[in-house]
Amino acid sequence: MSISHAPPTSSEPDISPISAPELDLQPLVPTSSGRTRVPRWLRRTTGPVLLLALWQLLSSTGALQPDVLASPGRIAQVAGDMVADGSLPAAMGTSLQRVAAGLLLGLVVGTGLALLSGLFRIGEDLVDAPVQMLRTVPFVGLIPLFIIWFGIGEAPKVAIITLGVTFPLYLNVYAGIRGVDAQLIEAGESLGLSRWGLVRHVVLPGALPNAMTGLRYSLGIAWLALVFAEQVNADSGIGFLMVQARDFLRTDVIVVCLVVYAFLGLLADFIVRSLERLLLQWRPTFTGR
């Protein structure tokens, strides 16, 4: 019995190189680059300019009576006259002095109480509860009491501003201190930092963002408190000009004083934001898209 073996077919698979498809590589262009970029300063000024244009249009057509609200042109003319006779610069200087004094005292008191309450448990037990009670009392309601205590001079005006500034600073600085990551404290202790070293190199830098936020809030409340303070038997300042204008039904002068308040507050906020960018360069933040 013979078994015939078929010769093995040594057919190897035909492996031919597969040519890769040619890719048309082109540089990626962001979709937003095709759109016209409007300068940011122009976008930020568009709203106020449109508001002024609408205001002027309503005044010109008679829809807005001068005894209700003067036109922007009239307000600009009155502001120029007040600058020329020196009444507005003198009032601004007096108001700035009052805000600076109240802000400085509020910074010292608010920050000092926050450090005492935030760094020490016994300080929190002694300080936090009274501060939380006092901050719920409207500082405007304390004006009669301040007049009885300090008279009708500059002291009650500065005291009102100081009281308004103290509590936002206290709350934000205290929250910033207590918001520092405990692991950073442990890391500092493992590196051999003393208690003062921890406060200086870990706690205070960690609380600085909240402190700057509190300062911005405090500046806004300082100008609000100044409006009330300068109507307490004042003989100078922007609030005094507003009281005089109210007695003579001068809406143009009142609006000029309000615009000055707004621009001074905006300037103060710009200074604090610039200081914030300088002191917080180590903290990258989202700036919007």
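Keep in mind that what you see is a predicted model, and the values were worked out from it rather than measured.

Student: Looking at this structure, I do not really get the overall build of the protein chain. What am I missing?
Tutor: A tally of helices and strands in the protein chain yields ten helices and zero strands. For the protein chain, the α and β elements follow one another from N to C terminus as α-α-α-α-α-α-α-α-α-α. Sorting the 289 residues of the protein chain into buried and exposed places 31% on the buried side. Look at the contacts in the protein chain between residues 6 or more apart in sequence, and 72% of them connect residues 24 or more apart.

Student: Could you clarify how one ought to interpret the environment of Arg273 in this entry?
Tutor: Note that Arg273 resides in helix α10 (residues 251-279). Between the C-alpha atom of Arg273 and that of Met212, which follows or precedes it by 61 residues, the distance is 8.3 Å.

Student: Quick question: what am I supposed to make of helix α1 (residues 40-61) here?
Tutor: Along an α-helix, a turn takes 3.6 residues, which lines up residues three or four apart on a common side. With 22 residues, α1 should cover 32 Å at 1.5 Å per step; its first-to-last C-alpha distance of 32 Å lies within 8% of that length. Along α1, the helix axis deviates most sharply at Thr46, where the bend reaches about 35 degrees; the proline Pro48 sits within four residues downstream. Gly62 lies just past α1 and shows a positive phi near 85 degrees.

Student: How should a positive patch on the surface be read in this particular structure?
Tutor: Taken together, the side chains of Arg37, Arg40, Arg43, Arg44, Arg273 and Arg277 make up a positively charged region of the molecular surface. The set of elements that each furnish at least two residues to the positive patch consists of α1 and α10. No other element matches α1, which puts three residues into the positive patch. Judged by its relative accessible area of 53%, Arg43 falls in the exposed class.

Student: Just checking my understanding: could you explain the nonpolar core for this structure?
Tutor: One recurring pattern in soluble globular proteins: nonpolar side chains tend to sit buried together. One finds Met82, Ile160, Trp223, Ile238 and Val256 to be the most contacted residues of the largest nonpolar core, which totals 52 residues. Elements with a contribution of two residues or more to this core: α2 (72-84), α3 (87-119), α4 (121-135), α5 (143-150), α6 (154-178), α8 (195-229), α9 (238-247) and α10. Excluding residues that lie within four positions of it along the chain, Ile160 makes contacts with Phe139, Ile143, Phe146, Ala225 and Ala229.

Cut-off values and rules
Residues numbered from 1 in each chain as written. Predicted model: local features only at pLDDT ≥ 70, side-chain atom pairs only at ≥ 80, totals over all residues. Heavy atoms only, no water. Helix = DSSP H or I, 4+ residues; strand = E, 2+ residues; numbered from the N terminus. Buried < 20%, exposed > 50% of the residue type's maximum accessible area, 1.4 Å probe, protein only. Contact = heavy atoms within 4.5 Å. Expected span 1.5 Å × (residues − 1). Bend = angle between axes of the 7 residues up to and from the residue. Patch = residues over 30% accessible without salt bridge, like charges linked within 9 Å, V, L, I, M, F, W, Y side chains within 5 Å. Areas by Shrake-Rupley, 256 points an atom, 1.4 Å probe, with all protein chains shown as cover. Salt bridge = Lys/Arg side-chain N within 4 Å of Asp/Glu carboxyl O. Lys, Arg positive; Asp, Glu negative; His and termini not counted. Charge placed at Lys NZ, Arg CZ, Asp CG, Glu CD. Core = buried A, V, L, I, M, F, W, Y, C linked by side-chain atoms within 4.5 Å.

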